[in-house]
Amino acid sequence: MTDELTHFMLVYKFGLAEIGTKINILAEELAHRGRGNPIEHVLPRLKTPASISAKAQRIGCALAFDDLRARIRDIAGIRIVCSFVSDVYTVADMLIRQPDITLLQTKDYIAQPKVNGYRSLHLIVEIPVFLSERVVQVPVEIQLRTAAMDFWASLEHKIHYKYDPRVPESLRDELAAAAEDAARLDRRMERLHREIHGPRR
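Residues numbered from 1 in each chain as written. Predicted model: local features only at pLDDT ≥ 70, side-chain atom pairs only at ≥ 80, totals over all residues. Heavy atoms only, no water.

### Observations concerning the pattern of salt bridges
Next, step 1: What the rule picks out here adds up to 14 salt bridges.
Next, step 2: For the salt bridge of Arg119 with Glu180, the shortest nitrogen-to-oxygen distance reads 2.8 Å. Of this pair, Arg119 sits in the loop between strand S3 (102-108) and strand S4 (121-130) while Glu180 sits in helix H6 (residues 169-197); the two residues are 61 residues apart in sequence, bridging distant segments of the chain.
Next, step 3: Given a relative accessible area of 13%, Arg119 falls into the buried group.
Next, step 4: Overall, Glu180 belongs to the partly exposed group, its relative accessible area being 34%.
Next, step 5: Taking the shortest distance from any N to any O, the salt bridge between Arg191 and Glu195 comes out at 3.1 Å. Of this pair, Arg191 and Glu195 both sit in helix H6, 4 residues apart, which is roughly one turn of the helix.
Next, step 6: Relative accessible area serves as the criterion here: at 43%, Arg191 is assigned to the partly exposed category.
Next, step 7: Among the charged side chains, a network of salt bridges with common partners joins Lys47, Lys55 and Asp74. (Salt bridge = Lys/Arg side-chain N within 4 Å of Asp/Glu carboxyl O. Helix = DSSP H or I, 4+ residues; strand = E, 2+ residues; numbered from the N terminus. Buried < 20%, exposed > 50% of the residue type's maximum accessible area, 1.4 Å probe, protein only.)

### Some remarks on the packing of aromatic side chains
Next, step 1: What the rule picks out here adds up to 3 aromatic pairs.
Next, step 2: With 5.0 Å between their ring centres and 40 degrees between their planes, Phe8 and Phe65 make a pair best called tilted. Taken together, the positions of Phe8 in helix H1 (residues 2-31) and Phe65 in helix H3 (residues 65-71) put the pair 57 residues apart, joining distant regions of the chain.
Next, step 3: For Phe8, a relative accessible area of 4% gives the class buried.
Next, step 4: Members of the aromatic cluster, connected to one another through ring pairs, are Phe8, Tyr12 and Phe65.
Next, step 5: Here the guanidinium or amino end of Lys114 rests over the ring plane of Tyr109, the centre of that ring lying 4.9 Å away.
Next, step 6: One Lys or Arg, Lys114, reaches over the ring of Tyr118 and ends 5.1 Å from the middle of that ring. (Phe/Tyr/Trp six-rings, centres within 6.5 Å; stacked < 30°, edge-to-face > 60°. Lys NZ or Arg CZ within 6 Å of the ring centre and 35° of its normal.)

### Concerning the nonpolar core
Soluble globular proteins tend to pack their nonpolar side chains together in the buried interior.
Next, step 1: Within the largest apolar cluster, 40 residues are counted, with the highest numbers of intra-cluster contacts made by Ile19, Ile80, Val140, Ile142 and Leu144.
Next, step 2: Looking at this core, the elements that each hand over two or more residues are H1, helix H2 (49-59), H3, strand S2 (76-82), helix H4 (85-96), S4 and strand S5 (135-146).
Next, step 3: If near-sequence neighbours (up to four positions away) are discounted, Ile80 is found in contact with Ile23, Ile39, His41, Val91, Leu95, Ile142, Gln143, Leu144 and Arg145.
Next, step 4: Among the nonpolar cores identified, the runner-up in size contains 6 residues, and Tyr109, Trp152, Ala153 and Leu175 belong to it. (Core = buried A, V, L, I, M, F, W, Y, C linked by side-chain atoms within 4.5 Å. Contact = heavy atoms within 4.5 Å.)

### Let's talk about the confidence of the model for the protein chain
Note: predicted coordinates in regions of low pLDDT should not be interpreted at a detailed level.
Next, step 1: In the predicted model, the protein chain carries a mean pLDDT of 91, and the fraction of residues at 70 or more is 95%.
Next, step 2: The secondary structure element of the protein chain with the lowest average pLDDT is helix H5 (residues 147-163), at 83, and the one with the highest is S3, at 98. (pLDDT = per-residue confidence, 0-100.)

### A few points about the pairing of S4
Next, step 1: In terms of residue burial, S4 counts as a mostly covered element, since 9 of its 10 residues are buried.
Next, step 2: Two strands pair when backbone bridges link them, and S3 and S4 are joined in this way by 6 bridges, in the antiparallel orientation. Looking at S4, one finds that Gln105 is bridged to Ile124.
Next, step 3: Hairpin connection, S4 to S5: the antiparallel pair is bridged by 4 residues. (Pairing = 2+ DSSP bridges.)

### Points about the sheet that holds S2
Next, step 1: Read across the open sheet, the 5 strands follow the order S1-S2-S5-S4-S3; overall the sheet is mixed. The open sheet has two edge strands, strand S1 (39-46) and S3, and neither has a second partner. Taking the axes of each pair of neighbouring strands and ignoring which way they run, one obtains an average angle of 25 degrees across the sheet.
Next, step 2: Relative to S5, S2 runs parallel, the two sharing 6 bridges. Bridge pairing links Ile80 to Leu144 in S5.
Next, step 3: In the packing of H1 onto the sheet, contacts are made with S1, S2, S4 and S5, and the angle to S4 comes to roughly 110 degrees. (Axes fitted to C-alpha atoms, helices over the stretch in contact; angles between N-to-C directions.)

The following block contains the structure:
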């Protein structure tokens, strides 16, 4: 079972490495265009076996490798923080247009924020991993957001952790208002950038 679990996790680690390489290539190429790199930073994340088990129990998924593989699509995840909202969609489009990346699902929480104010673009993609004897299609969750969205999400998570299991309603309202402030800041900074530098090419 230990060997099987190790191999199960390795496949997702390899998938994360593959998508990470693609993102790094894009970032370096875009930086050399002379108009600035739209990718501020990248953060890969691999769920732990304990986290996978907890999610499986939450969604009623059997703790069998085939079931976990089929039902939990965010075991491997990578966050891309971009300069501006338009960059989020540009980078996402550049990734999903690559012929070996298959888009499975899009959740656009920028166009339609969550009730708590959370904003981000989530993509579930599949990427081929070439093992010694076979090719495995590995799902990876890509989260794309601006620095302002990332700042808000990080602090919101810490506040929820402090008040677990329930955040006071007044604080939830303040968090939602802060998310609106961050969105306004994003719009203002993008407008200023365009006025000074013109649209990105």
